[in-house]
Amino acid sequence: RDAAAHAEPPQMEMLGLGGSRGPRTYRRRVWRGLRQQWKLLGVFEIDQKHEFYALTYMMKEGLSAAVQNTIDNPIPGPQPTVLGPRGREGRSTDDTNMIVMPVWEGGGCSDKNELSDDDYKLEVTQIHKVERLLYCCLCTLVKDFRMETFAGPVFASLRRSLGMGEREYQRSLSAEGYYLQFISNSKSKADFFLTNDKRFFLKTQNRREIRFLLSNLKNYMAHLEKYPHSLLVKFLGVHRIKIPNQRKKYFIVMQSVFYPDERIVARYDIKGCEVSRWTNPAPEGSQVIVVLKDLNFEGQYITLGQQRPWLLSQVRIDTAFLRALNVLDYSLLLAHQPLHQDEQHNSLSFATLIMRTKKSVNASPAPGVPGAVPEEDPTHLATEAHNGTLRQQVVEVTGGGGVESVDRGEPLESSELREFQAQSRRLLPNFKNPLHVIDGPEQRYFVGIIDIFTVYGLKKRLEHLWKRLWHRGQTFSTVSPPLYCQRLCQWVEDHTK
């Protein structure tokens, strides 16, 4: 296994870039062998020899241009709503390989914090000319492609609410390094990619799943606005790549729950059931990344102490939302890493509490809304607090990770406190990706809810009946949304302390 993991990929005449077009069956056989080797690594670079290089090249180029369009046309403002052919209503950009084609109809937001119905329905197409030999599916020469962006202002608004600048987002998506492929043990046919810094996940989706997300996007945004510290995965963009004479490729961009991952020691995908919920762990000492499952976690606990009531409450809130959407088969992603000794002590220091409180209580909509206020000098913050600037934000931590009263200075306004509690907020950690990170006494946990596209329709109902007969006395994932919700909440309650 070790030899295979470090073996050099065999040389091929044409893989993603120009070259000879050998027999297609030969290429498939070689790629099948490469995938078997790469499965040992879990995550690896998609270089020019890789079968997904052409796709990820188009993703990177298209995303960079799409974000640039948002930078050039920030919300609020008129938004493109109707697309015309090149040369009629086209607008050339600095990039001669791309044409952006909007017809302006005065859409956009009536208020800087309000999204219009047109924003949710908006589709923007950008055409890219490819000036290099680029092959898709190992046989088709790509001369140009179209990148379509759905509901761009909506996702730009969400990114802004997370304290994420557009240029920062663009830099991560279009950095010079290759994208990474993540080999998953998921049963879905989706392909999983990571940006080179592992901050953002890109996942291919089918047309039905994209339609479901866009049709429920208002509900999703309303839920995140009502519960800013929600554990639901943060969708940052929905796109489609169109290549002439090829099938359209839909994909989504998400914030990675497991970021940063340098010190993570174990990862789990939890569904709260038994059937097919065991994965063979990686060999001891191996660098293989394996996402384990429910049965692998048995006998362990998520030790949170005072943060436990908040987690139980937020999981109930988020799964109730998914139950209302009639979905099932979503997963609770979980990872953990040990806290360093200085992290354990600093988390409850006065200056750090001020910083965490400022992150958590701040309810302004931009930038750095709940949860992502830029890091500041804790000494400076402590001085501000003593001078009275932050007196209303220095609070006691309750057993549920919320706030109760001011420890120093004036009392927190009762309306602010009620809003804080109603929104199920908590004191966020002074750490990157704070919305998905929860610190216990000794461990740092990464928690998020993903894969929320499976609707309990006729196909799933029939699958449920079949599994009831085949797996008598065992719990399996295909159950009604109310039962699925209840069971996952029970799992979290049973495995936390």
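Quick notes on the rules
- Residues numbered from 1 in each chain as written.
- Predicted model: local features only at pLDDT ≥ 70, side-chain atom pairs only at ≥ 80, totals over all residues.
- Heavy atoms only, no water.
- Pairing = 2+ DSSP bridges.
- Helix = DSSP H or I, 4+ residues; strand = E, 2+ residues; numbered from the N terminus.
- Axes fitted to C-alpha atoms, helices over the stretch in contact; angles between N-to-C directions.
- Contact = heavy atoms within 4.5 Å.
- Buried < 20%, exposed > 50% of the residue type's maximum accessible area, 1.4 Å probe, protein only.
- Salt bridge = Lys/Arg side-chain N within 4 Å of Asp/Glu carboxyl O.
- Core = buried A, V, L, I, M, F, W, Y, C linked by side-chain atoms within 4.5 Å.
- Phe/Tyr/Trp six-rings, centres within 6.5 Å; stacked < 30°, edge-to-face > 60°.
- Parallel < 35°, antiparallel > 145°, perpendicular 65-115°, else oblique.
- Left-handed = near helix turned anticlockwise from the far one by under 90°.
- Nonpolar A, V, L, I, M, F, W, Y, C, P; charged D, E, K, R; others polar.
- pLDDT = per-residue confidence, 0-100.
- Lys, Arg positive; Asp, Glu negative; His and termini not counted.
- Polar contact = N/O pair within 3.5 Å; in protein donor to acceptor, adjacent residues only side chain to side chain.

*Asks:* Can you tell me about the sheet that holds strand E21 (residues 437–439), naming the residues and giving the values?
*Replies:* The five strands lie next to each other as E16-E15-E18-E22-E21, forming an open sheet whose pairing is mixed. Only two strands of the sheet have a single partner each, and these edge strands are strand E16 (291–293) and E21. Sheet twist, expressed as the average angle between the axes of neighbouring strands with direction ignored, equals 30 degrees. Of the pairings in the sheet, the one linking strand E15 (residues 266–270) to strand E18 (residues 331–338) comprises five bridges and is antiparallel in character. Paired with Ile270 across the two strands is Leu332, which belongs to E18. Along the sheet, helix H10 (residues 308–324) contacts E21 and strand E22 (443–450); its crossing angle with E22, the most-contacted strand, is approximately 10 degrees.

*Asks:* Before we move on, could you go through the pairing of E22 and cite the residues and values that matter?
*Replies:* It is a general feature of regular strands that their side chains alternate between the two faces of the sheet. The buried count for E22 comes to seven of eight residues, which makes it a mostly enclosed element. Sheet topology places E18 next to E22; eight bridges connect them, and they run antiparallel. Within E22, the residue paired with Ala335 across the bridge is Phe446. Strand direction decides the pairing type here: E21 and E22, joined by three bridges, are antiparallel. By the bridge assignment for E22, Val437 is matched with Phe446.

*Asks:* Lay out the pattern of salt bridges in plain terms, naming residues and giving numbers.
*Replies:* Under the counting rule described, the total for this entry stands at 18 salt bridges. For Arg267, the salt bridge goes to Asp261, with nearest N and O atoms at 3.5 Å. With a relative accessible area of 12%, Arg267 lands in the buried category. One network of salt bridges, with partners in common, ties together Arg263, Glu343, Asp439 and Arg444.

*Asks:* An account of the nonpolar core is requested, with residue identities and associated values reported.
*Replies:* Counting 106 residues, the largest nonpolar core has Phe235, Ile241, Val253, Leu311 and Tyr330 as its most contacted members. Broken down by element, this core gets its largest block of residues, nine residues, from helix H3 (residues 53–72). Beyond its immediate chain neighbours, meaning those up to four positions away, Tyr330 contacts Ile270, Lys271, Thr319, Leu322, Ile449, Ile450, Asp451, Ile452, Tyr484, Cys485 and Leu488.

*Asks:* Lay out the packing of aromatic side chains in plain terms, naming residues and giving numbers.
*Replies:* For the structure on display, the rule yields 14 aromatic pairs. Relative to Phe200, the ring of Tyr169 has its centre 5.3 Å away and its plane inclined at 85 degrees; by these criteria the two rings are edge-to-face. Here the residue Tyr169 occupies a position in helix H6 (residues 166–173), and Phe200 occupies one in strand E12 (residues 200–205), the gap between them amounting to 31 residues. The same class applies to Tyr169 as to Phe200, namely buried.

*Asks:* Before we move on, can you summarise the packing of helix H8 (residues 217–226) against H10 with the specific residues and values?
*Replies:* The contact between H8 and H10 brings their axes to 12 Å, and the two run at 165 degrees. What the angle tells us is that H8 and H10 run roughly antiparallel. Crossing angle aside, the handedness with which H8 passes H10 is right-handed. Across from Asn219, Tyr220 and His223 in H8, the residues of H10 making contact are Ile317, Asp318 and Phe321. The class makeup of the residues in the contact of H8 with H10 is three nonpolar, two polar and one charged.

*Asks:* Lay out the confidence of the model for the protein with the relevant residues and their values.
*Replies:* Model confidence for the protein is summarised by a mean pLDDT of 78, while 68% of its residues fall at 70 or above. Predicted confidence for residues 77–112 stays below pLDDT 50, and this span has 78 contacts to residues more than four positions away or in other chains. Across residues 363–397, where pLDDT falls below 50, the model places 92 contacts with residues more than four positions away in sequence or in other chains.

*Asks:* So what's going on with the side chain of Arg487? Which residues, and what values?
*Replies:* Along the chain, Arg487 turns up in helix H16 (residues 481–494). Of the side chains with opposite charge, Asp329 lies nearest to the buried Arg487, which makes no salt bridge, at 7.3 Å. Within polar-contact distance, the side chain of Arg487 engages the backbone oxygen of Gly272 at 3.2 Å.

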